[in-house]
Amino acid sequence: MLPLVKTSIPCRDILMPKLEEVLYSGYVAQGEAVEEFERKFEEYIGGGHCLSLNSGTAALHIALILAGVKEGDEVISTALTAEPTNVAIKMVGAKIRWADVDYDTGNISVASIEKSINQKTKAIIVVDYAGIPVDVKTIQELSNKYKIPVIEDAAHALGAKFNGKKTGNHFPFTVYSFQAIKHLTTIDGGALQILDSELYERGKIIRWFGLDKKLTRLDNNITFQGYKYHMNNVNATVGLIQLQNIENLVQKYIDNGRYLDENLKDVKGVELIKYYEGTEPSYWLYTLKVDNRDEFIKMMSGNGIMASELHKRNDLHDFLNDFPAELPNLDLFYSKMVHLPCGWWVTKEDLDKMIYLIKQGW
Ligand SMILES: Cc1ncc(COP(=O)(O)O)c(C=O)c1O
């Protein structure tokens, strides 16, 4: 079966000597490799300050703290995402206020965000779902109008772009995940790209128990809550090797996604995503809308191709459904949405087979 997601590990000859070196170096904790990974990741993104972490969830948590979200506040978010996006809101004791999605993309609707804003709204989380960038320009305008900070959850969207610049340059906080099946994996890990240098410095302290690494342990004085969220040298070493090939790897997803976009146009029973102006997806998954979705999934899996909706709507989790809301666009989008594999492991033959099968009908 052609899988929907797959882990990409660098080849043994390149990875193993470096891993062995770091494992027996006597220093596996947060050290030089972490520092180097952060600077190289900033170079890759092309801006901001990179706080490397042990997960994307930690990045979401720190972003919410730095955005000033506290117990009893509200955060506007989307239900079409992986659970960590919204579980993190609960970690700071805030409540989740759902915004609907745009039917054309499945991403959070700016009009719906605006309707959900109230006195308690302290932040907005937007998710580049499946690698499809959000409506960056309109969200920036809304954020400026209401002075509410935006956290971009780009866990699915490494290398996606808006106006030619990669995600990580458009909002005060951008979250990345380096978990097993993401574009770039460090086995587990994450990063928070922060535009403001003072917040970045504070973020470093939050990720390390509230301690300032620039001072000795004895000179430190903890004045606020911190966590153990740092990356270590072993994961950073894997990350550094992954970064050497990341442009090529992400480009494979993009080339495959574009090929499917091109060849599935005007096919009966299929609706393609209409990307926002100026945005370029990085196609972590290929997303499309189909009639008779369950039959479509059965037909594809009967032919050896995994197709799935992958994520459960987050408003169906009682713990996350603080304010049950009518989400008509999400209802319709989700009833038709399906993902197809389009990552580095998918060959031209696989793509042609999928296109052929879809054109045949289901
Ligand atoms: C959209 C989204 N946000 C956040 C996360 C959290 O990342 P991690 O698993 O690295 O904590 C994930 C990954 O599972 C995700 O898919």
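Everything here concerns the structure above.
On a predicted model such as this, the values are computed, not experimentally measured, just so you know. All residue numbers here refer to positions counted from 1 along the written sequence of the relevant chain. Whole-chain, interface and lining totals are the exception, using all residues; otherwise, since this is a predicted model, local features are given only for residues with pLDDT of at least 70 and side-chain atom pairs are given and counted only at 80 or more. The side-chain numbers reported here are obtained from all heavy atoms of the structure, hydrogens and water having been left aside.

(A) Examining the sheet that holds strand S5 (residues 150-153) more closely. The seven strands lie next to each other as S1-S9-S8-S5-S4-S2-S3, forming an open sheet whose pairing is mixed. For this open sheet the edge positions go to strand S1 (49-53) and strand S3 (95-98), each flanked by a neighbour on one side alone. Ignoring which end each strand starts from, the neighbouring axes of this sheet average 25 degrees apart. Pairing between strands requires that DSSP locate at least two bridges from one strand to the other. Per the convention used, a helix needs a DSSP run of H or I reaching at least four residues, while a strand needs a run of E reaching at least two, with both numbered from the N terminus. By the bridge criterion, four bridges tie strand S4 (residues 121-127) to S5 in an arrangement that is parallel. By the bridge assignment, Ile-124 is partnered in S5 with Val-150. Inter-axis angles, ranging from 0 to 180 degrees, are taken between N-to-C directions of lines fitted to C-alpha atoms, where helices are fitted over the stretch in contact.

(B) The arrangement of the pattern of salt bridges in detail. Here, a salt bridge means any Lys or Arg side-chain nitrogen found within 4 Å of an Asp or Glu carboxyl oxygen. Inspection of the entire model under this criterion finds 26 salt bridges. Close ionic contact of Arg-39 with Glu-35 constitutes a salt bridge, the shortest N to O distance being 2.6 Å. Of this pair, Arg-39 and Glu-35 both sit in helix H2 (residues 32-45), four residues apart, which is roughly one turn of the helix. When accessible area is computed with a 1.4 Å probe and restricted to protein chains, residues below 20% of their type maximum are described as buried, those above 50% as exposed, and intermediate ones as partly exposed. The exposure class of Glu-35 is partly exposed, given its relative accessible area of 45%. Residues Arg-258 and Glu-280 are paired through a salt bridge, measuring 3.5 Å at the closest nitrogen-oxygen approach.

(C) Region of interest: the side chain of His-61. Secondary-structure assignment places His-61 in helix H3 (residues 56-66). When checking whether two residues touch, look at their non-hydrogen atoms; a contact exists if any pair is within 4.5 Å. Here His-61 is in contact with Ala-88, Met-91, Val-92, Tyr-227 and Tyr-229, once residues within four sequence places are set aside.

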